[in-house]
Amino acid sequence: ENKGDHRIRAGATPAEGRYGEGRRQTLEVQGKPLGALVETAELAAPLVVKMDIQGAEPFALATAPALFRKADLLLTEYWPYGLKRLGHDPQAFLKELATLFPFAAQLPDGAVPENITFKPSADVAARLAGFGADGAIEATDIVLSRVERPF
């Protein structure tokens, strides 16, 4: 049905969920921390990172801090449901992003770079505080930047 919705299921992840996760086939694979896979020093600037890993985004932030400190722009999915399923606090995730990138914008569908208005990341985090509350499964994309006008 949805070939792109592959996820990590950690030991403490509840089997059941709003997507019928408990009925899905699982496959055990060996993983490595992102920081062990990417040679950050070899990456040229400007650096744009896209991250959409089904609620596992805080794992990437924690295991590759040099990559995210070097990035000029970060595009990431914000999916509170997926974050919570893996034991993460969505608000803590947004706060961590704001410490790395001072400016952010929520991306509407079909957004054109020239029309994106960046605001302080803390303001965007506050606006998203209620997003996906009560177990709602909705997601949104966010772009974060080191500068207010990257385009």
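Anything mentioned here points back to the structure above.
Residues numbered from 1 in each chain as written. Predicted model: local features only at pLDDT ≥ 70, side-chain atom pairs only at ≥ 80, totals over all residues. Heavy atoms only, no water.

Peer 1: Lay out the pairing of strand 5 (residues 140-145) in plain terms, naming residues and giving numbers.
Peer 2: Among the six residues in strand 5, five count as buried, and that is most of the element. Here six bridges tie strand 2 (residues 73-78) to strand 5, and the two strands are oriented antiparallel to one another. Looking at strand 5, one finds that E77 is bridged to D141. (Buried < 20%, exposed > 50% of the residue type's maximum accessible area, 1.4 Å probe, protein only. Helix = DSSP H or I, 4+ residues; strand = E, 2+ residues; numbered from the N terminus. Pairing = 2+ DSSP bridges.)

Peer 1: Explain the layout of surface pockets residue by residue, including any values.
Peer 2: Using a probe with the size of a water molecule, rolled over the atoms, empty space left in the structure can be pinpointed. The calculated volume of the second largest pocket comes to roughly 530 Å³. What lines the second largest pocket is a set of 22 residues, among which I8, K32, I53, A56 and F59 lie closest to the centre. Sorting the residues of the lining of the second largest pocket by element identifies helix 1 (34-37), strand 1 (48-51), helix 2 (57-63) and helix 3 (65-70) as the ones contributing at least two each. Split by residue class, the lining of the second largest pocket holds 13 nonpolar, five polar and four charged. (1 Å grid on protein atoms, 1.4 Å probe; cavity = no way out; pocket = protein on both sides within 12 Å on 5 of 7 lines; lining within 4 Å. Points joined across faces, edges and corners; volume = space filled by probe spheres on them. Nonpolar A, V, L, I, M, F, W, Y, C, P; charged D, E, K, R; others polar.)

Peer 1: Pulling in residues and values, what's your account of the packing of aromatic side chains?
Peer 2: Taken as a whole, this structure holds four aromatic pairs when the rule is applied. Where Y78 meets F131, the ring centres are 6.2 Å apart and the plane angle is 35 degrees; that geometry is what we call tilted. Here Y78 is found in strand 2, whereas its partner F131 is found in the loop between helix 6 (121-127) and strand 5, with 53 residues between them in sequence. Ring centres of W79 and Y81 lie 5.5 Å apart, and the angle between their planes is 45 degrees; this geometry places the pair in the tilted category. Both residues of the pair, W79 and Y81, count as buried. A connected cluster of aromatic rings, assembled from ring pairs, spans Y78, F93 and F131. (Phe/Tyr/Trp six-rings, centres within 6.5 Å; stacked < 30°, edge-to-face > 60°.)

Peer 1: Summarise empty space enclosed by the protein; cite the residues concerned and give the values.
Peer 2: A complete count under the given rule lists one cavity of 30 Å³ or more for this structure. Considering only enclosed or pocket space, the largest cavity measures out at about 50 Å³ in volume. Lining of the largest cavity is provided by L94, L97, A98, A104, S121, V124, A125, I142 and L144. Those elements that place two or more of their residues in the lining of the largest cavity are helix 5 (90-100), helix 6 and strand 5. Of the residues contributing to the lining of the largest cavity, the split by class is eight nonpolar, one polar and no charged.

Peer 1: Can you lay out unusual backbone geometry for me, pointing to particular residues and giving the numbers?
Peer 2: For the bond from A45 to P46, the omega torsion is 0 degrees, close enough to zero to count as cis. Relative to the elements of secondary structure, P46 occurs in the loop between helix 1 and strand 1. The backbone phi angle of Q54 is positive, close to 55 degrees, even though this residue is not glycine. Residue position: Q54 is located in the loop between strand 1 and helix 2.

Peer 1: Now, about the side chain of T76: what can you tell me, with residues and values included?
Peer 2: Of note, T76 is situated in strand 2. Residue T76 is classed as buried on the basis of its relative accessible area of 2%. Among the polar contacts listed, one links the side chain of T76 to the backbone oxygen of M51, at a separation of 3.2 Å. Setting aside residues no more than four positions away along its own chain, T76 makes contact with M51, E57, F93, L97, T140, D141, I142 and L144. (Polar contact = N/O pair within 3.5 Å; in protein donor to acceptor, adjacent residues only side chain to side chain. Contact = heavy atoms within 4.5 Å.)

From the geometry alone we can't say anything about function, so treat these as descriptive.
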